[in-house]
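Breakdown of the fold
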Amino acid sequence: MEVVVLKVEDPSCFWIAVKEHVPGVFNETVYENLNAEMKQFYSNYKDAEKIKGEKVEKGQVYVVFSEELKCWCRAVVESVWCQTDGYQLGCFLVDYAKSCSVASENIRVLAGAFAEIPPRAKKCRLHCTRPLTLHIDYCENTAKIGPAKRWDTAAIQHFRKLLEEATEVKATIQAIEDKVLEVFLYVTIRDEKVCVNDDLVAKHFAHYKESKGTAGSSSDDSDHEVSVNAECVPVEFVGPTFLARPKLPFGEAVSPHLGPGLDGCNSVLGKTSQRLCAIVNDNTLPVVSMVPALPSKEDKAVQTERLPQFLNSSSFQTYTVEDEQQSFQNVGKEKNFVFLSKKIEPSSVLETAPLFDGLKKELAWNKFSGPTFTESYCWPAVALGCDVVAVSHQGKDPLLYIPPVLTLLQLKSDSQALPNRSGPQALILCPGWKKVQLVFDLLKTYRKGCRQLHPVLIILGQNKEAASQVEIRGCKNTFLTTPHNLLRLLEYNTGLLCKLCHLVLDEVEVLFSDAAEQVFTILGCYKEATAQAQGNLPHQIIAVGTQWNKHITPLINEFMNDPHIVITAVEEAAIFGNVQQVVQPCMSSSRTAELLKILDFTQRNLQKVLVIADSVTDVEMIHKALKSNSVVSLKKHKESKCNAQCVLERWRKMHSRGTPAVLVLTDDCLQSLGITDATCVIHFSFPSPGVFGQRLQSLSDNFCAGIKDSAGDQEHTKAKSVILLTESSSCHAPGILCYLKRAEAEIPEELYDLTPRVLESEEDKFSRPLCTSLKTFGICRNRTECPDRHQVNSSIDMAQNVADEMIETPESVTILPLLIVHATNYFGRIVKKQKDQYTALAKEMNDYFKVPEHRISVDGVEKSVFYGFCEGAICHRVQVVETPAKDEENVCKVTVKYIDEGRTSQVNSDQLLHLPAKFQNLPPQAVEIVVCRVKPIDNEVEWNPKVTDHINHKIKGKLHHAKVVHTLGNTVWVDPMVGITRLPVMKMWINEYNIRSEILSTGLGTDNPEHIGEIQKLCRQVPVLHHAERLEHLSTKEDTAGLEEVSSPQDTSIQANSAESCNSSGTSPSNDAVQTKEAEDSTVHQQKGCHPQIKWFQDNVTVTLKVQILRAADSKCEFSREKVAFRAYSEGKLYVADLELYQSVIAEKSTCVIKDTEAVILLVKEKKGAWCKLLKNKNVHVSLDFEHWEESEDERPFTVGSGKLSYPPAGSEDWFESSEDSDTESDE
């Protein structure tokens, strides 16, 4: 039957559509009618149900609007991703065999009538035709043709050439494997009929191999023997392996699986029908089912009778698309915009890319999905050896330059011309060690296909001897490092760049923003080395990045030779193209008046102006205002009756008649109109980053092509962008401000004032964790893009359940690091000086869970609940932090946190054990520890793994003494932190090392004197400022408060047990009571904090609290059955008191009265009678009012004697030894 080929990837993966009219088979006319009906239905009827992006299911069939085809198409959703301006869907058009990206607003539910017709595109592969390739044995220096897993580039090109030159294409379907048609393909070229299968075999591109079940896959070449049952058909021998296949002349083909006559045909059809029924019953739809090849006239009746059963089977509802249908050229994720300084012929397919064959095979072997749109332009320019500047949203990807640079390194002519001296042939400069490591790993991945590649990663410390230890030998031809490291190496080896041919600046905008001086110094050294070089050496500079930087202009002018400039990010092209950016401040109510002022045209300066708003209402309002002021304008929005083509024609005619052309429209109309010749864009609504580039693309025809001395030089400006800044433009202000700074635009003070307020508010980050960089180094270098919070959130950061050891020893602590996050950030325990409660708890837990009857698995796992977990012989307390969906066996992987160590891991849910209440009394012991006043060198944002590994090996699991300089919730900042060793005989601790000094000694760390000050500045907004005051505040929280939130449902009885233990007066105090009294004793002498002083007294019915606060303002008092929360400001200071009551009160009857010198809180008891105390836990700020109390309670805390180490001031590198060991340990 005659077919049309829709898409070709290789001979084992292509799509066809049935062209020939066969009775009972849906032909092209049916699909044309289908498209027309879908267009009418989805364009005109409201019954077409819209779908929200988050509700779209992968693998399901919908109807989408294709911008390329300009019509509604049936499509299978392959992927869904979220962007700032909505959801984007990766779709495969099942009637056209095309992949495309569709916005969520352009997707509709597939109506039942349109689902009855099967897909037009049928996926195929050549029957029994498998690839061959030349296998080279470099050891034996031999080459043999043999089976391959992938088709060679030449084979794919030849296959495509045959189909492109064919005037007629016919196919005979032989079998179906995995819902893919296996066909013999025939083409007519210049009146000559050719069997494509035979032609590939004859030209040694392929061999014949019979399909046996799944062995028919082109990727299966384990069996080199081919057996074809050809007893009843003529046989010919073809191909390099002389394998037999049925003789199939054009027009007289016979299936190799059939005997002579129609009996064999009917048997195959019967089996096929059974397979089809089984597939349909399994609710899966094959693209097409197996049909015997019967193109001859005498068998036409049989063919037309059976063919519709397979080509028109079932419906669309459960149609699935295989991964092989992914397009080789992935341009869906990047908008197809490119700004070029010179014409470049793109290489959009890997087979035609200017790379050497070994690298292509290596890329294909690693399932490389490119080249992307940007790579298709960058690779040819780099491969030519030209200087290149590439700016793209994909600019962080090293594959923009690695493949063509590796190709250049393989050229013998270049390597033979190099001087006989040591040094790299290629140098890649990256902005940090992490990117250096990433590029190095990629080079190692592809070095198999590059015999001339010998990469070297260079990271040096500031130690003087570090550079001298780097060995540079002739075979090391590719260096990867950072600017600071390279300069340290150049100081030791000044002739290092004498052989350098290719200099790559990776993430060039980051290099220039962080180390501009160092980069220009290196460029100067390279320029000098180039001038002194002998012979005709190639020299090339490649700069890639995501943003245009002002330093790129001098880079081009002073160090490059007529470079290729490739920019695929519209907003960055606008900066290079010298688009004038204007910000006009105004009130929201006066935007229209400002717009009219801007549109004050002169006859000598005709302009084509776009006024862009974000709503239909604004467009209508603007259009009416312009009309009333005699400004001729057009309008376009989604509710407009006039189509895009009509608007474009009127737009062009207005300007051609000498009239200023003004078009008012919404963002969703920009893409359909495709305007690129506007001279001015007025942003009536403040642009978000997602639409800003799309708006600027309307000016792209007027971007300046030459390099200007300054982006602010308006003499060469052809295009203008005007932003109306109002009081409601806060949301995207920081991003736009950064862009305008890079564009060197004039920025009004209003935008400068608005941006800090937006950054400080951080409303969208309120639930995010506190920025790790801020805690670790005192500063976040990229606050605008950082996803985490940069202000203290009391509800998150000021933990409710803190280890008692933090309360008892607010300054001098003994720390046991257990989890090393990096060189200065750890999780561990603060060890109590006398009898460590966790040690006793751990021993008790281990003994308890040794008994098999005590290991009770939990039925249902709940988030935030405490469980037991055994690792070998050691038992841990863990808390579930994430619970994914369960599998078929009702067992799932859950993420748990070891609450006494700080680490997290994934465990099976059936490994979690019921944790008795008595093991939950002790609060989580893990605290976060940050070592202060040290940071990485060279403005790095993360510690080098060498430093982290060194510190991990030195401190993990060992005791340390530290001085706490600040605390926030469960985080403690220490300075210094010293490793100690105990001498039991002498009862002394001796200092082994200071962690800060250890880090500095590696040469990869440097002083950070502002760290502590920045942390204190961060916490000034918190009610409790000093770490001791914070600990006092936390000491008022009882252990069971946290237990109410995290304990399992079966353990709720513990609350009652705790209350009973508080009531027992004739027994010895419990451990919890001792902890509370010790905490009170350690904080009783602390400085007065922001917790107000409170005095209380009672009678049988009420309890009266007198809060000592002067002239309270903005006061708030909240009552609940067991809690009182009081907040108020006094003299600009916030006072907070959160009190957990010993017994219950009636909240509705309780009151708070604010007086001049105090606030009086009256609590009505739920049960009459005397209370033995006010609070469940002791609070040093709460005391009895003896003026109204006749009998006092004996509330004196237990006093625990302890010897103390003498600590130096924070920041001191010294540590004073104690001659007396007061931490007397038992021998038990």
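Note: the structure precedes this text.
Residues numbered from 1 in each chain as written. Predicted model: local features only at pLDDT ≥ 70, side-chain atom pairs only at ≥ 80, totals over all residues. Heavy atoms only, no water.

Focus: the overall build of the chain
- When its secondary structure is counted, the chain shows 32 helices and 50 strands.
- Each of the 1228 residues in the chain was classed as buried or not, and the buried ones make up 53%.
- A total accessible area of about 57500 Å² is found for the chain, and carbon and sulfur atoms account for 48% of it. (Helix = DSSP H or I, 4+ residues; strand = E, 2+ residues; numbered from the N terminus. Buried < 20%, exposed > 50% of the residue type's maximum accessible area, 1.4 Å probe, protein only. Areas by Shrake-Rupley, 256 points an atom, 1.4 Å probe, with all protein chains shown as cover.)

Concerning the sheet that holds strand β25 (residues 580-585)
- Strand order across the open sheet formed by six strands is β25-β30-β29-β26-β28-β27, with parallel pairing between neighbours. Edge strands, defined here as strands with exactly one partner in the open sheet, are β25 and β27 (634-636). Pairs of neighbouring strands in the sheet enclose a mean axial angle of 20°, with direction left out of account.
- Relative to strand β30 (residues 720-725), β25 runs parallel, the two sharing six bridges. The partner of Q584 across the bridge, within β30, is L724.
- Strands in contact with helix α16 (residues 616-628) are β26 (608-613), β27 and β28 (661-666); relative to β28, the strand with the most contacts, it is inclined by about 160°. (Pairing = 2+ DSSP bridges. Axes fitted to C-alpha atoms, helices over the stretch in contact; angles between N-to-C directions. Contact = heavy atoms within 4.5 Å.)

Thoughts on the pairing of strand β40 (residues 971-983)
- Counting buried residues along β40, 10 of its 13 residues qualify, which places the element largely inside the surrounding structure.
- Across four bridges, strand β37 (residues 926-931) lies against β40 in parallel orientation. Note on β40: the bridge partner recorded for I929 is V972.
- Both strand β39 (residues 960-968) and β40 contribute to a ladder of seven bridges, which runs antiparallel.

Digging into unusual backbone geometry
- With an omega of 0°, the peptide bond running from D975 to P976 counts as cis.
- Position of P976 relative to the elements: it lies in strand β40.
- Even without glycine at this site, A97 takes up a positive phi of about 55°.
- Mapped onto the elements of the fold, A97 is located in the loop between β5 (86-93) and β6 (98-103).
- Given a relative accessible area of 2%, A97 falls into the buried group.
- With a phi close to 50°, R190 is a non-glycine residue in the positive phi region.
- By the secondary structure assignment, R190 is in the loop between β12 (180-189) and β13 (192-195).

As for the pattern of salt bridges
- Taken as a whole, this structure holds 34 salt bridges when the rule is applied.
- A salt bridge links K7 to E9, with the shortest nitrogen-to-oxygen separation between them at 3.8 Å.
- Under the relative-accessibility criterion, K7 is labelled buried at 16%.
- Measuring nitrogen to oxygen at the nearest pair gives 3.1 Å for the salt bridge that ties K434 to E942. Residue K434 is located in helix α10 (residues 433-446), and its partner E942 is located in the loop between β38 (934-936) and α26 (945-955); the two are separated by 508 residues in the primary sequence. (Salt bridge = Lys/Arg side-chain N within 4 Å of Asp/Glu carboxyl O.)

Focus: the sheet that holds strand β45 (residues 1113-1119)
- Strand order in the open sheet made by the three strands is β45-β46-β47, with antiparallel pairing throughout. Single-partner strands in this sheet number two, and they are β45 and β47 (1133-1140). The sheet shows a mean angle of 5° between the axes of neighbouring strands, taken without regard to direction.

A closer look at helix α25 (residues 837-849)
- For α25, built from 13 residues, the straight-helix expectation of 18 Å at 1.5 Å per residue is met to within 8% by its first-to-last C-alpha distance of 18 Å.
- Restricting attention to buried positions, one finds in α25 the residues Q837, Y838, L841, A842, M845, N846, Y848 and F849. When α25 is viewed along its axis, its buried side chains cluster within an angular range of 160° and face the same direction. (Expected span 1.5 Å × (residues − 1). Arc of directions from axis to C-beta.)

Notes on empty space enclosed by the protein
- Per the stated rule, a full pass over the model turns up nine cavities of 30 Å³ or more.
- Its volume calculated, the largest cavity comes out at about 90 Å³.
- Lining the largest cavity are W433, I459, L460, N485, P936, I937, D938, E940, E942, W943, N944 and L1004.
- Here the residues of the lining of the largest cavity sort into seven nonpolar, two polar and three charged. (1 Å grid on protein atoms, 1.4 Å probe; cavity = no way out; pocket = protein on both sides within 12 Å on 5 of 7 lines; lining within 4 Å. Points joined across faces, edges and corners; volume = space filled by probe spheres on them. Nonpolar A, V, L, I, M, F, W, Y, C, P; charged D, E, K, R; others polar.)

Things to note about the packing of helix α11 (residues 483-492) against helix α12 (residues 508-532)
- Interaxial distance between α11 and α12 falls to 9 Å at its minimum, and their mutual angle equals 30°. Comparing the axis directions of α11 and α12 gives the class roughly parallel. Relative to α12, α11 is oriented so that their crossing is left-handed. Residue-level contacts link P483, H484, L486, L487 and L490 of α11 to L511, A515, Q518, V519, T521, I522 and C525 of α12. (Parallel < 35°, antiparallel > 145°, perpendicular 65-115°, else oblique. Left-handed = near helix turned anticlockwise from the far one by under 90°.)

Focus on the packing of aromatic side chains
- The full count for this structure, using the stated rule, is 20 aromatic pairs.
- With centroids separated by 5.1 Å and ring planes inclined at 85°, the aromatic side chains of Y848 and F849 adopt a geometry described as edge-to-face. With respect to class, Y848 is no different from F849; both count as buried.
- With centroids separated by 6.4 Å and ring planes inclined at 40°, the aromatic side chains of F849 and F919 adopt a geometry described as tilted. Of this pair, F849 sits in helix α25 while F919 sits in the loop between β36 (904-908) and β37, and the two are 70 residues apart along the sequence. In this structure, F849 and F919 share a single accessibility class: buried.
- An aromatic cluster of at least three residues, connected via ring pairs, comprises F41, Y42, F65, W72 and F114.
- Note that K527 overlies the ring of F559, its terminal NZ or CZ placed 5.5 Å from the centroid.
- Stacked on the ring of Y898, the Lys or Arg R903 has its end atom at 3.7 Å from the ring centre. (Phe/Tyr/Trp six-rings, centres within 6.5 Å; stacked < 30°, edge-to-face > 60°. Lys NZ or Arg CZ within 6 Å of the ring centre and 35° of its normal.)

What to know about α12
- Across its 25 residues, α12 extends only 26 Å between first and last C-alpha, which sits more than 12% below the 36 Å expected from 1.5 Å per residue.
- A515 marks the point of greatest bend in α12, at about 110°.
- Considered for burial, the residues of α12 that qualify are V508, E509, L511, F512, A515, A516, Q518, V519, I522, L523, Y526 and A529.
- Elements in contact with the buried residues of α12: β19 (426-429), α11, β22 (502-506), β23 (540-545) and α13 (552-559). (Bend = angle between axes of the 7 residues up to and from the residue.)

A look at the nonpolar core
- V389, L503, L505, W548, L610, L663 and L673 are the most contacted members of the largest nonpolar core, which totals 82 residues.
- The element contributing the most residues to this core is α12, with nine residues.
- Look past the residues within four positions of W548 in its chain and what remains in contact with it is V389, V391, T553, I556, I567, E572, I575, F576 and R742.
- Of all hydrophobic cores here, the second largest spans 40 residues; its members include L355, F368, C378 and I428. (Core = buried A, V, L, I, M, F, W, Y, C linked by side-chain atoms within 4.5 Å.)

As for the environment of E509
- With respect to the helices and strands, the residue E509 is situated in helix α12.
- Judged by relative accessible area, E509 falls into the buried class, the value being 7%.
- Filtering out sequence-adjacent residues up to four positions away, E509 remains in contact with V544, G545, T546, Q547 and N549.
- Of note is the side chain of E509, whose polar atom sits 2.8 Å from the side chain of T546. (Polar contact = N/O pair within 3.5 Å; in protein donor to acceptor, adjacent residues only side chain to side chain.)

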